[in-house]
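Notes for the structure review
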Amino acid sequence: MLHFVTTNPGKVREARDYLGDDVRQFDYDYAEIQSDDLADIAARGAREAREAAPGDDPVIVDDSGLFVDALDGFPGPYSSYVHERLGIERVQELVAAEDDHGAAFETVVAYADGDGVETFTGRAEGTIVSPRGDGGFGYDPIFEYGGTTFAEMTSEEKNDVSHRGAALAKLADWLDTRSR
Ligand code: IMP
C-alpha cells in the first residue's frame, strides 16, 4: 500500500493513473514548513507523515504552486493561502492587469520509505485566463494549456500534460527501475 497524504481526492485520482490502485488517501495533517522551495516543504512533510502512516508502508506528499511570470513567481509556495484568501477570480484579475499572462504550475512529489526520501519535480507552462470549465480543482479553471483550461480536461487529459502528471511519471519510472 502507498499512502498519499492529502485531503484532496482529486490528487489521489490523478496518482492512481500512474501508480495503480494501491494508492490510498491518507488524511494526515503534517506541519508544513515555510520555505520558498517546494522540494523542502514536500520532503519534510513526507518524513513526518511516514512516521504517522500505518505499518511500514511508504508515503507520498506533494506540494504544488502556481508561479505567475508577471508577478515574479507569486503566489508560488503560497498558492494555497492566496487561493483561500483571494480566490481564483481575483488572482485572474491581478494577472489580467499585466501585459504578460504566462504562468507555470510546479509540483514536487516526495516519496518516503524506510530507506529515506526521494523528490520528483514536474512543471507545466500555460496562461492565466478568465475561469472556464468545471472539472479539476484549485486554479484549474484559470490555467489554460494549449487553448484548453485544466478544468475543461478529463483527469487523463490533464495528467498527460500537467505538472503533477510529470512528477508522478518520474516517480513511477523510479519505482519501476528499483523493483527490477
Ligand atoms: P498544494 O501544495 O497541493 O496544497 O497546492 C497549493 C495550491 O495550489 C492549492 O490552492 C491547490 O488547490 C492548488 N493546486 C495544486 N495543484 C493544482 C492543480 O493541479 N491544479 C490547480 N490548482 C492546484
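This text follows the structure it describes.
The structure contained in this document is the topic of the report that follows.

Quick look at the site of the ligand now. The ligand sits among 14 residues. The nearest are Lys-11, Ser-64, Asp-140, Lys-158 and Arg-164. For the ligand, an oxygen atom lies 3.4 Å from a polar atom in the side chain of His-83. A distance of 3.0 Å separates an oxygen atom of the ligand from a polar side-chain atom of His-163. The protein chains hide 89% of the 470 Å² of surface that the ligand would expose on its own. Secondary structure elements with two or more residues in the shell around the ligand: strand S3 (59-68), helix H3 (79-85) and helix H6 (163-178).

Where burial is concerned, most of S3 is hidden: nine out of the ten residues are buried. In this structure, S3 lies alongside strand S5 (residues 102-113), joined through ten bridges in antiparallel fashion. Bridge pairing in S5 links Leu-66 to Phe-105. Relative to strand S4 (residues 75-76), S3 is paired through two bridges, and the arrangement is antiparallel. From the neighbouring strand, Phe-67 faces S4, where its bridge partner is Pro-75.

Within S5, eleven of the twelve residues are buried, which leaves it mostly tucked inside the rest of the structure. The pairing of S5 with strand S6 (residues 116-128) spans twelve bridges and is classified as antiparallel. Of the residues in S6, the one forming a bridge with Val-109 is Phe-120. Turn length for the S5-S6 hairpin, with the two strands adjacent in sequence and antiparallel, is two residues.

The subject of this paragraph is a negative patch on the surface. Together, Asp-17, Glu-156, Glu-157 and Asp-160 give the surface a local cluster of negative charge. Its location among the elements puts Asp-160 in helix H5 (residues 155-161). Taking the relative accessible area as the measure of exposure, Asp-160 reaches 66% and is therefore exposed.

Criteria and thresholds
- Residues numbered from 1 in each chain as written.
- Predicted model: local features only at pLDDT ≥ 70, side-chain atom pairs only at ≥ 80, totals over all residues.
- Heavy atoms only, no water.
- Near = heavy atom within 4 Å.
- Polar contact = N/O pair within 3.5 Å; in protein donor to acceptor, adjacent residues only side chain to side chain.
- Areas by Shrake-Rupley, 256 points an atom, 1.4 Å probe, with all protein chains shown as cover.
- Helix = DSSP H or I, 4+ residues; strand = E, 2+ residues; numbered from the N terminus.
- Buried < 20%, exposed > 50% of the residue type's maximum accessible area, 1.4 Å probe, protein only.
- Pairing = 2+ DSSP bridges.
- Patch = residues over 30% accessible without salt bridge, like charges linked within 9 Å, V, L, I, M, F, W, Y side chains within 5 Å.
- Salt bridge = Lys/Arg side-chain N within 4 Å of Asp/Glu carboxyl O.
- Lys, Arg positive; Asp, Glu negative; His and termini not counted.
- Charge placed at Lys NZ, Arg CZ, Asp CG, Glu CD.

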